[in-house]
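Structural overview for review
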Amino acid sequence: MINYIQEDKNICIDCRTRLSNILKPENYSDAEIHLLDKPKRMVSFTVPLKMDSGEVRGFNAYRVLYSDARGPGKGGIRFHHEVDLEEVKNLAFLMALKCALVEIPFGGAKGGIEVDPRQLSAGEIERLARSFIQELHPFIGDRIDVPAPDVNTNATIMGYMVDEYAKLKGQFIPGVITGKPLALGGSKGRNEATSLGGAHVLKTYFNHRGETLEGKTIAVQGFGNVGANIARILHEWGAKIVAVSDAETAFYAEEGLDIPTILEAANNGGLKQVSGVTTITNDELLTAAVDVLIPAAISHQITAQNAKLIKAKTILEMANDPVTVDADPMLRDQGIVVIPDIMANAGGVMVSYFEWVQNSSNDYWSLERVYGELEERITLAFGRVLDAADDTYLSLRTDSYRLAIDRIIEAERVRGRLSI
Ligand code: NAD
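In this report, we go over the structure that sits alongside the text. (Residues numbered from 1 in each chain as written. Predicted model: local features only at pLDDT ≥ 70, side-chain atom pairs only at ≥ 80, totals over all residues. Heavy atoms only, no water.)

**A word on the overall build of the protein chain**
Helix and strand counts for the protein chain come out as 14 helices and 13 strands. The C-alpha atoms of the protein chain give a radius of gyration of 21 Å, which matches the 22 Å a tight globule of 420 residues would have. Along the three orthogonal principal directions, the C-alpha set of the protein chain runs to about 55 × 55 × 45 Å. Going through the 420 residues of the protein chain one by one, you find that 57% of them count as buried. Once local pairs closer than 6 in sequence are excluded, the contacts in the protein chain between residues at least 24 apart make up 70%. When the accessible surface of the protein chain is totalled, it reaches about 17,500 Å², and 48% of it is carbon and sulfur. The averaged location of the 57 negative side-chain charges in the protein chain is 4 Å from the averaged location of its 44 positive side-chain charges. (Helix = DSSP H or I, 4+ residues; strand = E, 2+ residues; numbered from the N terminus. Rg over C-alpha atoms; globule rule 2.2 N^0.38 Å. Buried < 20%, exposed > 50% of the residue type's maximum accessible area, 1.4 Å probe, protein only. Contact = heavy atoms within 4.5 Å. Areas by Shrake-Rupley, 256 points an atom, 1.4 Å probe, with all protein chains shown as cover. Lys, Arg positive; Asp, Glu negative; His and termini not counted. Charge placed at Lys NZ, Arg CZ, Asp CG, Glu CD.)

This is the structure:
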């Protein structure tokens, strides 16, 4: 059973705070502010799952299409025990801004199931993914809303979902979901896309300041897909990765860590498999004296409690929402430049868009083409943010939000939705 949700205060509280200095009457009309303030569509539903034991359980699930002004919805589906509507709304809103900022023709969406996948068998996860699509299929489509992997979901799960959708529609429509396995129309380069995009953003930032990445000291929090790949790429590009961490351990070496060796060891069970390196705490990693701190793990890592202790000069937000709303002004007062998540980690959704283009045209790109298009587009998009910024670079989040919102509003305006 699908429920349409109606609420008075639809936008999340954090978004309201961050937007309060942008969405002012002197910048936007009441109609424009009102349109941005509410998601286009929110659905909540129960996903039935037959457990291996034979018992049938129902899991809470949500899909929020925040904006479709610039194109179909786009955003991941997460399986997590803390998924709730507030989080999904927040993330859907950020997706709308991210797609607009990097000028890909999508709106913003997000979805999730409130479930702890560690408690499920592989068979239960597959049945849950298929059951989710059976409930949600009227609301998604390659021209309606296009899901993708997110926390605790992956290409294999997207494969089940696109297959279930094909069964329901009686035809294979690969563009309904991105982040699929290559054999089902996935794109080359998707795996490392977020990190490669972030590395290009950081390189562009230093170039804009007349500096280079070479020799810059960097600490990376999180050593999963995004953290490990960006550590590898930046190491290959000449930066000095002095600290890395995962949920269990953290390492530091003033002279720079041997990233290829760490990657090899970590591939077989995480950073705890690595030996012979000085361990530090996660808090020490966050407050290390480095040129660049890269949070690439989970949200809300830099807060009002530790912001004063941060010594990095620049923060590249590869995780979604790693800096809390109250930490933002503290970092600004300390002169710390924050390159916001909607820009820093947009490489992932950009290559998802390339996947959708390839699915639509049935013409599949080489890895070189994917990398080339990613570099060109993300560098151009960030160049526009930097051109809009002042020479302190201390308001990159506001500058990015402003550019993205202007593009969403312009699409709403030319659709005529502001004058109905
Ligand atoms: P992942 O699950 O592969 O890796 C997460 C890493 O963070 C793991 O190494 C884990 O051990 C570590 N971690 C978890 N809690 C931690 C803690 N308290 N302290 C230190 N490390 C901790 O996830 P991922 O795909 O690499 O995503 C990382 C972040 O990037 C998430 O915020 C995600 O939303 C964001 N992101 C990912 C993509 C993508 O394409 N994968 C795209 C955009 C944004």
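**Examining helix α2 (residues 30-37)**
Taken together, the buried positions of α2 are Glu 32, Ile 33, Leu 36 and Asp 37. Buried residues of α2, viewed axially, fall in a sector of 135 degrees; they line one side. (Arc of directions from axis to C-beta.)

**What about the nonpolar core?**
Of all hydrophobic cores here, the largest spans 91 residues; its most connected members are Leu 234, Ile 294, Leu 316 and Ile 339. When residues in this core are grouped by element, the largest group, 11 residues, is from helix α3 (residues 85-101). Ignoring anything within four residues of it in the chain, the contact list for Leu 316 reads Gly 198, Val 201, Leu 202, Ile 230, Val 292, Leu 293, Ile 294, Pro 295, Ile 339 and Ala 344. The next biggest cluster of nonpolar side chains, apart from the first, holds 28 residues, and it includes Val 43, Met 51, Ile 77 and Val 162. (Core = buried A, V, L, I, M, F, W, Y, C linked by side-chain atoms within 4.5 Å.)

**Thoughts on the pairing of strand β8 (residues 240-245)**
Within β8, five of the six residues are buried, which leaves the element mostly enclosed by the surrounding structure. Bridge count between strand β7 (residues 217-221) and β8: five bridges; the pairing is parallel. What sits directly across from Ala 219, in β8, is Ala 243. Judged from the three bridges that link them, β8 and strand β9 (residues 250-252) form a sheet pairing that is antiparallel. Within β9, the residue paired with Ser 245 across the bridge is Ala 250. Connecting β8 to the next strand, β9, in antiparallel fashion are four residues. (Pairing = 2+ DSSP bridges.)

**Things to note about the pattern of salt bridges**
Counted according to the given criterion, the structure contains 30 salt bridges. In this structure, Asp 406 engages Arg 402 in a salt bridge whose closest nitrogen and oxygen atoms are separated by 4.0 Å. One end of the pair is Asp 406 and the other is Arg 402, both in helix α14 (residues 396-415) and four residues apart, which spans about a single turn. When salt bridges with common partners are traced through the structure, they connect Glu 126, Arg 130, Asp 163, Glu 164 and Lys 167 into a single cluster. (Salt bridge = Lys/Arg side-chain N within 4 Å of Asp/Glu carboxyl O.)

**Quick notes on the site of the ligand**
The full set close to the ligand counts 19 residues, and Thr 194, Asn 225, Val 226, Ala 247 and Asn 282 are the nearest of them. One of the side-chain N or O atoms of Thr 194 is found 2.6 Å from an oxygen atom in the ligand. Ala 247 places a main-chain nitrogen or oxygen 3.0 Å from an oxygen atom of the ligand. Mapped by element, the contributors of at least two residues to the shell around the ligand are α6 (190-208) and α7 (225-236). Taken together, the residues of the shell around the ligand break down into eight nonpolar, nine polar and two charged. (Near = heavy atom within 4 Å. Polar contact = N/O pair within 3.5 Å; in protein donor to acceptor, adjacent residues only side chain to side chain. Nonpolar A, V, L, I, M, F, W, Y, C, P; charged D, E, K, R; others polar.)

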